[in-house]
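If you want the building blocks of each chain, they are given just below.
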Amino acid sequence: MDTKYYWTDEDNGVVTVGLTADGQNELGNITFASLPRVGASLTTKDTLLNVEADKAVSDIPSPVAGKVIAINDKAANDPSVLNKKDKADSWIAKIQK
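For every chain, the first residue of the written sequence is number 1, and numbering continues from 1 onward in sequence order. Local features in this predicted model are restricted to residues whose pLDDT is 70 or higher, and side-chain atom pairs enter the listing and the counts only when it is 80 or higher, whereas totals over whole chains, interfaces and linings include all residues. Think of the side-chain values as coming from all heavy atoms in the structure, minus any hydrogens and water.

(A) Structural detail: the sheet that holds strand β5 (residues 47–53). At least two DSSP bridges between two strands are required for those strands to pair. A run of DSSP states H or I qualifies as a helix once it reaches four residues; a run of E qualifies as a strand once it reaches two. Both are numbered from the N-terminal end. Taken together, three strands build an open sheet; the order of strands is β3-β5-β6 and the sheet is antiparallel. In this open sheet, the two strands that pair with only one neighbour each are β3 (30–34) and β6 (57–61). Neighbour-to-neighbour, the strand axes of this sheet turn through a mean angle of 25 degrees, independent of strand direction. Fitting a line to C-alpha atoms yields each axis, with helices limited to the stretch in contact; the angle taken between N-to-C directions then spans 0 to 180 degrees.

See the structure below:
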């Protein structure tokens, strides 16, 4: 998946990552999501998120290297929240650079 399909917001070296509307449209309705575990170290070649959706099954690479310090528990329990446009609900993870 191209980097234009996810957004990042950085604050003091912590990057919050989520899917853009284009990313959501490309995947379709997300029905399963495997989020990274808190404490995992990621490179930009590592999978940040594995999703199953109406249109595709995809491994989404991490846009930044660092340590996962938080995941969206709502998305872990109900992957459909990743389909929402509101960043407050639909973020995937927070990564410390």
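Having seen it, we continue.
(B) Spatial organisation of the sheet that holds strand β8 (residues 91–96). If you trace the five strands from one edge of the open sheet to the other, you get β1-β2-β8-β7-β4, paired in antiparallel fashion. Either end of the sheet is taken by a strand with one partner, and the two such strands are β1 (6–11) and β4 (41–42). The sheet contact formed by β1 and strand β2 (residues 14–19) spans six bridges and is antiparallel. Bridged to T8 within β2 is V17.

(C) Summary view of the packing of aromatic side chains. We call Phe, Tyr and Trp rings a pair once their centres come within 6.5 Å, taking the six-membered ring for Trp, and we label the pair stacked below 30 degrees between planes, edge-to-face above 60, and tilted otherwise. Taken as a whole and judged by the stated rule, the model has zero aromatic pairs. Here the guanidinium or amino end of K94 rests over the ring plane of W91, the centre of that ring lying 4.8 Å away. Geometrically, a lysine NZ or arginine CZ counts as sitting over a ring once it is within 6 Å of the ring centre and also within 35 degrees of the ring normal.

(D) Spatial organisation of the pairing of β6. Residue exposure (1.4 Å probe, protein chains only): buried if accessible area is under 20% of the type maximum, exposed if over 50%, otherwise partly exposed. Taking every second residue as pointing to the same face, the buried face of β6 carries S58 and I60, while none of V57, D59 and P61 on the other face is buried. One ladder, built from five bridges, connects β5 with β6; its direction is antiparallel. Pairing of N50 across the sheet is with D59, part of β6. Where β5 folds back onto β6 in an antiparallel hairpin, the turn is made up of three residues.

(E) Here's a closer look at the nonpolar core. In plain words, nonpolar cores are sets of buried Ala, Val, Leu, Ile, Met, Phe, Trp, Tyr and Cys residues tied together by side-chain atoms within 4.5 Å. Ranked by size, the top nonpolar core spans 24 residues in total, and within it L49 and I92 carry the most contacts. Elements with a minimum of two residues in this core: β2, β3, β5, β7 (66–71) and β8. When checking whether two residues touch, look at their non-hydrogen atoms; a contact exists if any pair is within 4.5 Å. Those residues within four positions of L49 in sequence are excluded, and the remaining contacts are A33, S34, L35, S58, D59, I60, L82 and I92.

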